[in-house]
Amino acid sequence: MPQRILVIGAGFAGLAAATSLANKGYDVTILEKNSMPGGRARVFQANGFTFDMGPSWYWMPDVFETYFARFNKKPSDYYQLVRLDPSYKVIFGPNEAIDLPAGLENLENLFEQIEPGSALQLRTFLTQASYKYKVGINNFVWKPSRSIREFLSLKLLYDVTRLDVFQSFASHARKFFKHPRLLEIVEFPILFLGATPANTPAMYSLMNYAEMALGTWYPMGGMYEIVKAMVSLAEEKGVKLLLNQNVQQIEIAQGKAKRVITNQGIFEADVVVAGADYNHVDTNLVDPPNRNYDENYWQKRVMAPSSLLFYLGVNKRVPRLEHHNLFFDEDFSVHAQEIYETPRWPTKPLFYASAPSKTDSGVAPYGCENIFLLIPVAPDLQDDDATREYYFNLIMDRLEAYVGEDIRSHIIYKRSYAHRDFKNDYNAFRGNAYGLANTLRQTALLKPSMKNKKVNNLFYTGQLTVPGPGVPPSLISGLVVADEVAREFV
Ligand SMILES: Cc1cc2nc3c(=O)[nH]c(=O)nc-3n(C[C@H](O)[C@H](O)[C@H](O)COP(=O)(O)OP(=O)(O)OC[C@H]3O[C@@H](n4cnc5c(N)ncnc54)[C@H](O)[C@@H]3O)c2cc1C
C-alpha cells in the first residue's frame with residue numbers, strides 16, 4: 001500500500017507538494033481550513049467584479065513552465081498568458097509618471113533619456129543579473145538547504161563569489177545608476193523580497209532580470225487561473241482535496257507524527273507536510289517538546305511587510321491608470337523606516353494600484369474598472385476600521401490627484417483587508433502577507449528548516465521556508481519538499 005501523506009494547506013506550496021507526491025505514487029490528501037484552495041491567492045466575486053485577493057504580478061514565467069513540465073503539461077494547457085506593455089507605470093507625483101515599456105531595447109532608450117550613458121550601464125547590469133538569475137533559479141533555489149554539504153562544490157563556491165551575496169543591493173545599484181528616478185525603478189522589485197535594498201543582498205538583482213528581461217505577464221481570467229490549473233492537475237494525479245478542514249493538532253509519539261486532528265475528524269498519516277504558515281504549525285499544532293523553534297527564535301525573525309488592501313468596484317473607466325501602477329510619490333526611506341526600524345502605521349506611505357480590467361474585460365462589468373490597492377505596512381499593527389478608512393482617504397486623495405478625476409463617488413463595491421484578516425484566514429504570524437524578509441541572515445540554510453529536527457516524518461513547505469516568498473518560490477518550495485520526502489520515505 002502506498003504511504004499516506006497528509007498535506008496541511010492548499011496554497012501554492014501545498015498544492016505543488018501534494019501534486020508532486022501523488023505523481024510519485026503516494027496516497028495524498030490535502031487538509032485546507034478555508035472553503036476554497038489557493039491560500040493567499042484566493043479570489044472572490046462581488047457585484048459582477050472578480051477580485052484576486054493577493055498576488056497580481058506574474059513574473060518568472062519559466063518557473064511556471066518548469067512546474068507544469070514536471071507533469072508533462074504546459075501553462076497554456078490551462079490558461080492564456082499575455083505580456084503587459086507597459087509592464088507598469090511609476091507615478092512620482094500628480095504631473096510626473098513613467099511607463100516602463102516591455103522589451104530591453106525600449107527600456108534602454110527610456111533609461112538613456114533620463115540619464116545619458118545609462119543604456120549601456122543597464123545592459124551590463126542586466127548581463128550580471130542574468131547570470132545571477134540562471135544560477136539562482138536553476139541551482140540555488142532548488143536546494144533544500146538542510147546541510148552545508150549541499151553548497152560544498154567548487155562550481156557552487158565559484159558561483160557564490162559571482163553572485164554578490166555579501167554586497168547590498170543598494171550599493172550595487174549605485175555603481176550603475178545615479179539618477180534618483182532610475183534608482184527607484186531598479187530598486188522597486190526588491191520590495192517584493194520584504195526588505196529594504198540596503199538590507200537585501202545584491203544577488204537579488206536577479207529580480208531585475210526577471211522583471212525587465214523576462215517580462216510582466218497576466219493570465220487571462222486573473223491570477224486565480226493558476227490555482228485552478230494546479231488544482232485540476234492535482235486532482236488528475238489523484239490528490240484528495242478536503243476543504244473546511246481546520247487542522248488543530250498534529251499528534252506525535254516516539255518522534256513520529258501519527259495523526260492529524262481537524263475540526264471535522266482524525267486523519268492517520270505516514271508523513272505530514274505542513275504548507276500552512278510555518279510559525280502557526282510549529283507553535284500551535286505541534287506540542288512544545290517537538291517544536292523546531294522556540295518563541296525567542298520567532299521573535300528575532302524579520303518578517304516581510306503585511307499589507308492594507310482595498311478591493312474596489314468602480315462604475316466607470318479610469319483612463320490614466322495602467323494595469324500596474326506604483327505610487328512612488330512620497331519618500332520611500334521614511335516609509336521603509338516605519339515598516340522595519342520603528343514599526344508603526346506609516347505617515348506618508350507609497351502604495352500600489354492594480355487595475356486588471358485594463359487587460360481583462362472579464363473581471364469587471366462593462367464600462368467599469370476593477371481596482372486593487374495595496375499599502376505595505378509593518379506586521380502586527382493595531383488594525384481597526386477607523387485606521388483603514390483613514391488610509392483609504394489618504395491614498396485616494398493621491399490617486400484622484402493623479403488621475404485627475406473623482407473616483408470615490410463612483411465606487412459601487414468596496415472591501416478592505418489587513419492584519420486581522422491575514423491572521424483569521426491564514427493563521428499568519430504577526431499578520432504577515434509575504435512571509436519572511438529575504439535578508440542575508442534569513443537566506444538558504446538560515447531560513448526555518450524544511451524538516452522537523454525531532455519528528456522524523458514532519459516536513460514544512462511554503463513562503464516561510466526555502467526558497468522564500470512569492471508565487472514562483474512557493475511552487476519551488478512544494479516541489480523541493482516532495483523530493484525530500486521521496487528521498488526518505490520510499
Ligand atoms: C496581498 C499580497 C500580494 C502578493 N503579491 C504577489 C505577487 O504579485 N506576485 C507573487 O509572486 N507573489 C505575491 N504575493 C506572495 C504570494 O502570494 C505568496 O508568497 C504565496 O501565495 C504563498 O503561498 P504558500 O503556499 O506558501 O502560503 P498560503 O498561500 O498562505 O497557503 C497556506 C494555506 O494553509 C492554510 N492553512 C493555514 N492554517 C491552516 C490550518 N490550521 N489547517 C489547514 N489549513 C491551514 C491556509 O488557509 C492557506 O490556504 C503576494 C501576497 C499577498 C498576501
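**Q** Lay out the overall build of the protein in plain terms, naming residues and giving numbers.
**A** Scanning the protein from terminus to terminus reveals 15 helices and 19 strands. With respect to the three principal axes, the spread of C-alpha positions in the protein is 65 × 55 × 45 Å. Burial analysis of the protein (490 residues in total) assigns 61% to the buried set. For the protein, long-range pairs separated by at least 24 residues make up 73% of all intrachain contacts whose partners lie at least 6 apart in sequence. Total accessible area computed for the protein in this model is approximately 18800 Å², and 52% of it derives from carbon and sulfur atoms. Here the protein holds 51 positive side-chain charges and 52 negative ones, and the gap between their average locations is 6 Å.

**Q** Which residues make up the sheet that holds strand β9 (residues 240-242), and what are the values?
**A** Strand order in the open sheet formed by 5 strands is β9-β2-β1-β13-β19, with parallel pairing between adjacent strands. Looking along the sheet, the strands with just one partner apiece sit at the ends: β9 and β19 (458-460). Neighbour-to-neighbour, the strand axes of this sheet turn through a mean angle of 20°, independent of strand direction. Bridging between strand β1 (residues 4-8) and strand β13 (residues 271-274) involves 4 bridges; their strand directions are parallel. Bridging across to β13, Ile5 finds its partner in Val271.

**Q** Outline the site of the ligand, listing residues and values.
**A** Near the ligand, the surroundings consist of 39 residues, among which Glu32, Arg40, Trp57, Gln463 and Val471 are the closest. Contact between the ligand and Ala13: an oxygen atom at 3.0 Å from a main-chain N or O atom of the residue. A distance of 2.9 Å separates a nitrogen atom of the ligand from a polar atom in the backbone of Val247. Relative to its free-state accessible area of 1000 Å², the ligand is covered by the protein chains to the extent of 97%. Elements with a contribution of two residues or more to the shell around the ligand: α1 (12-23), α14 (419-426) and α15 (471-488). Here the residues of the shell around the ligand are counted per class, giving 19 nonpolar, 16 polar and 4 charged. A domain split of the shell around the ligand shows at least three residues from each of domain 1 (4-79 + 222-301 + 431-488) and domain 3 (302-426).

**Q** Can you lay out the domain arrangement of the protein for me, pointing to particular residues and giving the numbers?
**A** For the protein, the assigned domains read domain 1 (4-79 + 222-301 + 431-488), domain 2 (104-211) and domain 3 (302-426). Centre-to-centre, using C-alpha coordinates, domain 1 lies 28 Å away from domain 2. Each partner contributes residues to the interface: domain 1 has 27 residues there, and domain 2 has 27 residues. Summing the contributions of domain 1 and of domain 2, the shared interface buries around 2200 Å²; its carbon and sulfur component is 72%. When the area that domain 1 buries against domain 2 is broken down by residue, the three leading residues are Trp59, Asn438 and Leu445, summing to 29%. Arg146 serves as the salt-bridge partner of Glu488, at 2.9 Å between the closest nitrogen and oxygen. Scanning the region where domain 1 abuts domain 2 turns up 3 residue pairs in polar contact (both at pLDDT 80 or more). If you list the elements that add at least two residues to the side of domain 1 that touches domain 2, you get α2 (61-69) and α15. No other element matches the 6 residues that α15 contributes to the side of domain 1 that touches domain 2.

**Q** Go over the packing of α1 against helix α9 (residues 224-236), please, and point to the residues and values.
**A** Across the interface, α1 lies against α9 with an axial gap of 9 Å and an inter-helix angle of 25°. With respect to α9, the axis of α1 lies roughly parallel. Both α1 and α9 take part in a crossing whose hand is left-handed. Residues Phe12, Leu15, Ala16 and Thr19 of α1 pack against Ile226, Val227, Met230, Val231, Leu233 and Ala234 of α9.

**Q** Pulling in residues and values, what's your account of the pairing of strand β17 (residues 369-377)?
**A** Along β17, 8 of the 9 residues are buried, which leaves the element largely enclosed by surrounding structure. The pairing of strand β14 (residues 306-314) with β17 spans 9 bridges and is antiparallel. Residue pairing across strands places Tyr311 opposite Phe372, the latter belonging to β17.

**Q** Give me the lowdown on a nonpolar patch on the surface, citing residues and values where you can.
**A** Nonpolar side chains collect at one region of the surface, where Ile148, Leu152, Leu157, Leu445 and Leu446 lie side by side and expose about 460 Å² of accessible area between them. Relative to the assigned elements, Leu446 resides in the loop between α14 and β19.

**Q** Go over the side chain of Arg388 with me, naming the residues and quoting the values.
**A** With respect to the secondary-structure elements, Arg388 resides in helix α13 (residues 385-403). Within the structure, Arg388 has its side chain in polar contact with the side chain of Ser416 (distance 3.0 Å). Apart from the residues within four sequence positions on either side, Arg388 is in contact with Leu308, Phe310, Asp383, Ser416, Tyr417, Ala418, Arg420 and Asp421.

**Q** Which residues make up unusual backbone geometry, and what values go with them?
**A** At the junction of Asp85 and Pro86, the peptide bond is cis and its omega measures out at 5° in the coordinates. Among the secondary structure elements, Pro86 is positioned in the loop between β5 (81-83) and β6 (88-93). A cis geometry characterises the amide bond from Val466 onward to Pro467, with omega recorded as -5°. Structurally, Pro467 is set in the loop between β19 and α15. Within the chain, Asn427 stands out as a residue other than glycine whose phi angle is a positive 55°. Note on placement: Asn427 falls in the loop between α14 and β19.

**Q** Lay out the packing of aromatic side chains with the relevant residues and their values.
**A** Taken as a whole and judged by the stated rule, the model has 43 aromatic pairs. Centre to centre, the rings of Phe125 and Phe176 are 5.2 Å apart; their planes meet at 70°, and the pair counts as edge-to-face. Taken together, the positions of Phe125 in helix α4 (residues 118-138) and Phe176 in the loop between α6 (169-174) and α7 (180-187) put the pair 51 residues apart, joining distant regions of the chain. Arranged with centres 5.3 Å apart and planes meeting at 50°, the rings of Tyr133 and Tyr209 form a pair that is tilted. Here Tyr133, found in helix α4, pairs with Tyr209, found in helix α8 (residues 206-214); they are 76 residues apart in sequence, far enough to count as distant. According to the relative accessible area criterion, Tyr133 is buried, its value standing at 3%. Of note, Arg181 hangs over the ring of Phe92, and the distance from its end group to the ring centre comes to 4.0 Å.

Calculation rules
Sequence order sets the numbering: in each chain, residues are counted from 1 along the sequence as written. Totals for whole chains, interfaces and linings use every residue, but because this is a predicted model, local features are given only for residues with pLDDT of at least 70 and side-chain atom pairs only at 80 or more, for both listing and counting. Side-chain metrics rest on all non-hydrogen atoms present in the structure, leaving aside hydrogens and water. A helix here means a DSSP run of H or I that spans at least four residues, while a strand means a run of E at least two residues long, and both kinds are numbered starting from the N terminus. To sort residues, take the accessible area from a 1.4 Å probe on protein chains only and compare it with the maximum for the residue type: under 20% means buried, over 50% means exposed, and anything in between is partly exposed. Contact between two residues is taken to exist if any of their heavy atoms lie within 4.5 Å; hydrogens are not considered. Working definition of accessibility: Shrake-Rupley area with a 1.4 Å probe, residue cover restricted to the visible protein chains. Residues counted as positive are Lys and Arg, residues counted as negative are Asp and Glu, and His and the chain ends are not counted. Charge coordinates come from a single atom per side chain, which is NZ of Lys, CZ of Arg, CG of Asp or CD of Glu. Strands were regarded as paired on the criterion that DSSP finds at least two bridges between them. Angles run from 0 to 180 degrees between N-to-C directions of axes, and those axes are lines fitted to C-alpha atoms, restricted for helices to the stretch in contact. A molecule or strand has a residue near it when one of that residue's heavy atoms lies within 4 Å. Any N or O atom pair separated by 3.5 Å or less is treated as a polar contact, with the protein-specific requirement of one donor-capable and one acceptor-capable atom, and with residues adjacent in sequence counted only for side-chain atom pairs. Throughout, the ten residues Ala, Val, Leu, Ile, Met, Phe, Trp, Tyr, Cys and Pro are labelled nonpolar, Asp, Glu, Lys and Arg are labelled charged, and all others, Gly among them, are labelled polar. Here the bounds of each domain stem from an automatic or database domain assignment. Accessible area, probed at 1.4 Å, shrinks when two parts are joined; the buried area is that loss added up over both. For this analysis, a salt bridge means a side-chain nitrogen from Lys or Arg found within 4 Å of a carboxyl oxygen belonging to Asp or Glu. Roughly parallel means an angle under 35 degrees; roughly antiparallel, over 145; roughly perpendicular, 65 to 115; everything else is oblique. Crossings are classed by handedness, with left-handed meaning an anticlockwise turn of the near helix from the far one by less than a right angle and right-handed meaning a clockwise turn. Candidate patch residues must exceed 30% relative accessible area and have no salt bridge, after which like charges are joined if within 9 Å and Val, Leu, Ile, Met, Phe, Trp or Tyr side chains if within 5 Å. Ring pairs shown here join Phe, Tyr and Trp side chains whose ring centres sit within 6.5 Å, with only the six-membered ring taken for Trp; geometry is labelled stacked below 30 degrees between planes, edge-to-face above 60, and tilted in between. Only Lys NZ and Arg CZ are tested; either one counts as a charge over a ring when it is within 6 Å of the ring centre and within 35 degrees of the ring normal.

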